[in-house]
Amino acid sequence: MLSGKSKLSFSKRPLVNSLVLALTLPVAAYVQAAGVVEGVVQKAGSGTALAGALIKVSGTEQQVFTDASGRFVLRNLPAGNVTLDVSYIGLPPQTQQISVTDNSSSNIIVQLDEVERLAVVGQRQAQNKALNLYRASDAITNFIASDDMGQFVDQNVAESLQRLPGTSISRDQGEGRFVSIRGIAAGLSSVTVNGMRIGTPEGSSRAVPLDVIPTGSIEGISVTKAPTPDMPGDAIGGAIDVKSASAFEKDGRQIRYRAEASYNDLSGETSPKLSLNASDTFSLSGDSKDFGVAFGINYLDRKLESDNVEAEYDMVDYQDGEAFALIELQQRKYFVNRERIGANLNLEYRPDSSNKYFANTVFSRFSDAETRQRSIYVFEDGALTDFDGSSATVSEMAPDALRRRIRYRTKEQDTLALNLGAEHIRDSYTLDYYAGVSTTRERVLDENEGRFEYTGDELDATYSIGNGVPNFAILRDGVADTTHLDNANYELDRAVLEPKIIDDDEYNLGANIEFPYAFGNSNLTLKAGADLRWKQKDTNTDIIELRRTPDATLDQFTTGAPSYGLGNLGQGISSAAYINFFNQNRADFTARPQDEAENTQLSLGEDFVADEDVQAGYLMATYDAQNWRLIAGMRIERTDYSASGNQLTFDEDGELAVSSRSVGSDYTNLLPGLHFSYDVAENMVLRAAWTNTIARPSFNDISPRAQVNLEDNEVELGNPDLDPYEAVNYDLLLDWYYSDGSLLSAGVFYKDIDNFIVELTSNDVAEFAGFDVTRPVNALSASVKGFEFAWQHSFTQPALAGVLVGANFTLLDTELAVTERTGESFSLPESAEQAGNLYLGYEDGKFSTRLSVSYRDKFLSDVGDDSNYDIYVAAHTQVDVTASYKLSKHVELVAELVNLTDEPLELYQGSSAYTYQFEEYGMTFALGIKGKF
């Protein structure tokens, strides 16, 4: 869809005219007879379309920006000779004279030449593309663009987005996964691919896992932080759009490739990565090329390992009172084989310069084959006999306080987004319409954990806490013991199966119509539209405990001791041998009679089917004056929600009972918005925005569901009575384009959020007596105050012409009031007070390199019963280096160093002295080739 500043004039077609005649007559009658000029701005030599180029009509207030295909349209021009001033950041400006005739249209091509002393390629080209799109955007939106090879620095979309101001990411196995915008949790932002919303297999939130989308076939990414009324309103954090390539944005036929191998120093494994992209335009009728095809496919097969320690602390009996002590510690080793297959196919038909039809398809398949070996030490099952606050002695630990477990599972996630649509531009209006479907599937069909318990005598232990990762030792009669490291001393206790099936389907239908020069006013544009969405989520999660097992000891599955840098993990365990044993003896793995009903009930507790229908419409007006622009509008969104699931309760005999339950709700949100931009000087723009946004509760939170953990006496419930999040947002931003290809930007923002959802834990719920019951509730209040700063600089001095440098920094002050801890104030979960990025790059005709540093401060993850139980994610700093060298016209050598400083993931409980989780991934080195034809 084209923005209001960059519309093309389309020739008339009877069918389309008849569809919109009733809408166009009241406004079209006021359009004066005048000339229309449409055209395209290209880079000279390559013919590459330049999106975001600025075209001004000399001596007037009229100006437009080119769209994603480099196209523009100027309406209502006076007859005679007209001078156009064309500018594009990173290229020299140009003027072009044209002749305009009343009641006629003309087409022109504007080509901008590069500066002779500086080739605009690679990093600089990508930086300039993003900067021009940013300058042209009506909304407050940041962009990331691919370089001339169609390449990004990072492995997936999440890791690319962490480079933008105001964004931070959470990681899984060292790879970026979820994106937080301006301190707002990932589930409160929307994600689209080519404008088509995609679902998520996640049940606990609406967060889309962006590691399922590799960057190999992606042309650009945008993050809108303050949406205009013509954008969906569910964007309290922001709206992320991932864009694949269009053939009309390239110069004829183009084939791009990349092949590399990456080595991880922790796993010692080498993994391949491949991508191939091709695009071309063809002629279906006449001499002009009117049909475009862009295709891409990419593949990644990565073998990972991670070393992990997880600890938990609580109040335990000590002497005549209680002490805050270590109650459990787990040592974990992960082996992961991660595969991604991505593909995109974009088809476009442009029978003339006035009509466009498109079909965009993006597919991604993500597969994680994971083995997890872990040792568990339950210190609370012994007696705390000596403790000074840091060093402790525990005696008489029962044999079953020492456990070893092996788990294998394959998680597969498929994402498919298909978007069909068309665009028709007339002298007096522009019409576009679209229809799309998105399907997301998650399948975990083979999750199987073998649980083994120690068979020896009682043991003792010592440990020390309060200085990061706890240290411990297992003793027998005061002497170090190693029997707990011998697999022969563990016998099979049970097998636990946890299959999961999640389907997330969404259908989208909408249209927009825009009237430039409305009511005869050349400064006024009106726009209206409707957007309809139908979504269904089906979650089926089972937990099956098989406590009747054949006799087996863990040494039957022993393999070589794995490398483990966080202590002594003991002998290795083969997941393949255990799974093979389970399959061969499947008939002997059964549930005890007393467990069968419980297994059935627990398996039903988390299952639900939910439907959500959203009907939205908007009206928006844009007024352009000589040096300012005002956008005002109203969006209305109505939501109808229904779900069916199961309710678990304990009956009067203390037995679990299950009953079906259906719920429903509906609500309407009015979302007004104002955007104002003012040209303070020729290269300085002040932007301000007042927006209203919402976020709908996650399906897990609002659906009737229950997850019961009988071992730990814990229950998690859904809450169908939740209200949606509602936010009022204010933005003020100053941009200074102080030099060619350079920007200095600073701004402040504020969000006032009602109905913020947090989890409340209580132990006095009647139907779950004796259990800690956690359920989501609407909090008292929440707010976000922030400051954003961004700077990028392209040197133009001959001696430094190849140097690029940039930085961004975000400061946040967030507040959350929680019902169960009255009088206390918290930061929002996933909200880091400080985040920033720094990069230093260099490139010349053959060589290119870039050093990137990404920093994120600590943030609150979970609110506990008191400050001792709050969980924080520690600060994270990651250093990456990329480099390439052109061997020939078609071949470049590329190298990457990822996580150069081996930065771990760390969480802590209460304070940084008490490590809750510590996980290391190691550095990754990649070497390969890339090129284009």
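Predicted model, so just to flag it, every value in this text is computed and none were measured.

I tried to follow the nonpolar core on my own but got confused; where do I start?
As a rule of thumb, nonpolar side chains are buried together in soluble globular proteins. Among the nonpolar cores identified, the biggest contains 49 residues, and F379, L384, F387 and Y463 are the most heavily contacted of them. Not counting residues within four places of it along the chain, the set of residues in contact with Y463 comprises A325, L326, F379, L384, F387, S390, S391, A392, V394, N471 and F472. A695, I753, V784 and V818 belong to the second-largest nonpolar core, a separate cluster that totals 25 residues.

Looking at this structure, how should I read unusual backbone geometry?
Glycine aside, residues mostly have negative phi angles, and peptide bonds mostly take the trans form. Of note, Q319 is a non-glycine position whose phi angle comes to about 55°, a positive value. Note on placement: Q319 falls in the loop between β17 (291–318) and β18 (321–352). Since its relative accessible area comes to 66%, Q319 is described here as exposed. Not every positive phi belongs to a glycine, and D902 is a case in point at roughly 50°. Tracing the sequence through the fold places D902 in the loop between β51 (892–898) and β52 (905–909). A residue is classified by how much of its surface remains accessible, and D902, at 30% relative accessible area, is partly exposed.

Explain the pairing of strand β21 (residues 391–397) to me, please; I cannot follow it from the model alone.
Both faces of the sheet carry side chains from a regular strand, because those side chains alternate between them. Pairing geometry for strand β20 (residues 383–387) and β21, over 4 bridges, is antiparallel. Bridge pairing in β21 links F387 to A392. Between β20 and β21, which pair antiparallel in sequence order, lie 3 residues; one of them, G389, sits at a positive phi of approximately 100°. In this structure, β21 lies alongside strand β25 (residues 459–464), joined through 5 bridges in antiparallel fashion. Bridging across to β25, S391 finds its partner in S464.

Can you help me understand the pattern of salt bridges in this one?
Between side chains of opposite charge, pairing is possible as soon as their charged atoms come close. The tally for this structure, following the rule as stated, stands at 62 salt bridges. A salt bridge links D230 to K527, with the shortest nitrogen-to-oxygen separation between them at 2.9 Å. Of the two residues, D230 is situated in the loop between β13 (218–226) and β14 (239–244) and K527 in strand β30 (residues 524–541); the sequence distance between them amounts to 297 residues. For D230, a relative accessible area of 15% puts it in the buried group. In this structure K527 comes out as buried when scored by relative accessible area, which is 5%. Across the pair R253 and D280 runs a salt bridge, and its minimum N-O distance is 2.8 Å. With a gap of 27 residues between them, R253 in the loop between β14 and β15 (254–264) and D280 in strand β16 (residues 270–282) connect regions that are remote in the sequence. A relative accessible area of 62% means that R253 is categorised as exposed.

What is the right way to read the sheet that holds strand β8 (residues 140–145) from this model?
Picture the strands of a sheet paired through backbone hydrogen bonds; they go either parallel or antiparallel. Taken in spatial order, the 5 strands line up as β8-β13-β14-β11-β12 in an open sheet, and their pairing is mixed. Of all the strands in the sheet, just β8 and β12 (196–197) have a single pairing partner and so form its edges. Inspection of the sheet shows β8 paired to β13 by 6 bridges, in the antiparallel sense. What sits directly across from T141, in β13, is T224. Helix α2 (residues 122–136) contacts β8 and β13 of the sheet and is inclined by roughly 160° relative to β8.

Please explain the packing of aromatic side chains as it appears in this structure.
Here a ring pair, both rings aromatic, is described through the centre-centre distance and the interplanar angle of the planes. Taken as a whole, this structure holds 24 aromatic pairs when the rule is applied. Summarising the aromatic geometry, the rings of Y257 and F933 are spaced 5.9 Å apart at their centres and angled 25° between planes, so their arrangement reads as stacked. Note that Y257 is positioned in strand β15 and F933 in the segment after β54 (924–932), a separation of 676 residues in sequence. Exposure remark for F933: the relative accessible area of 51% places this residue in the exposed category. For R687, the ring lying beneath its charged end belongs to Y134, and the centroid distance is 5.1 Å.

Parameters and conventions
Residues numbered from 1 in each chain as written. Predicted model: local features only at pLDDT ≥ 70, side-chain atom pairs only at ≥ 80, totals over all residues. Heavy atoms only, no water. Core = buried A, V, L, I, M, F, W, Y, C linked by side-chain atoms within 4.5 Å. Buried < 20%, exposed > 50% of the residue type's maximum accessible area, 1.4 Å probe, protein only. Contact = heavy atoms within 4.5 Å. Helix = DSSP H or I, 4+ residues; strand = E, 2+ residues; numbered from the N terminus. Pairing = 2+ DSSP bridges. Salt bridge = Lys/Arg side-chain N within 4 Å of Asp/Glu carboxyl O. Axes fitted to C-alpha atoms, helices over the stretch in contact; angles between N-to-C directions. Phe/Tyr/Trp six-rings, centres within 6.5 Å; stacked < 30°, edge-to-face > 60°. Lys NZ or Arg CZ within 6 Å of the ring centre and 35° of its normal.

From the geometry alone we can't say anything about function, so treat these as descriptive.
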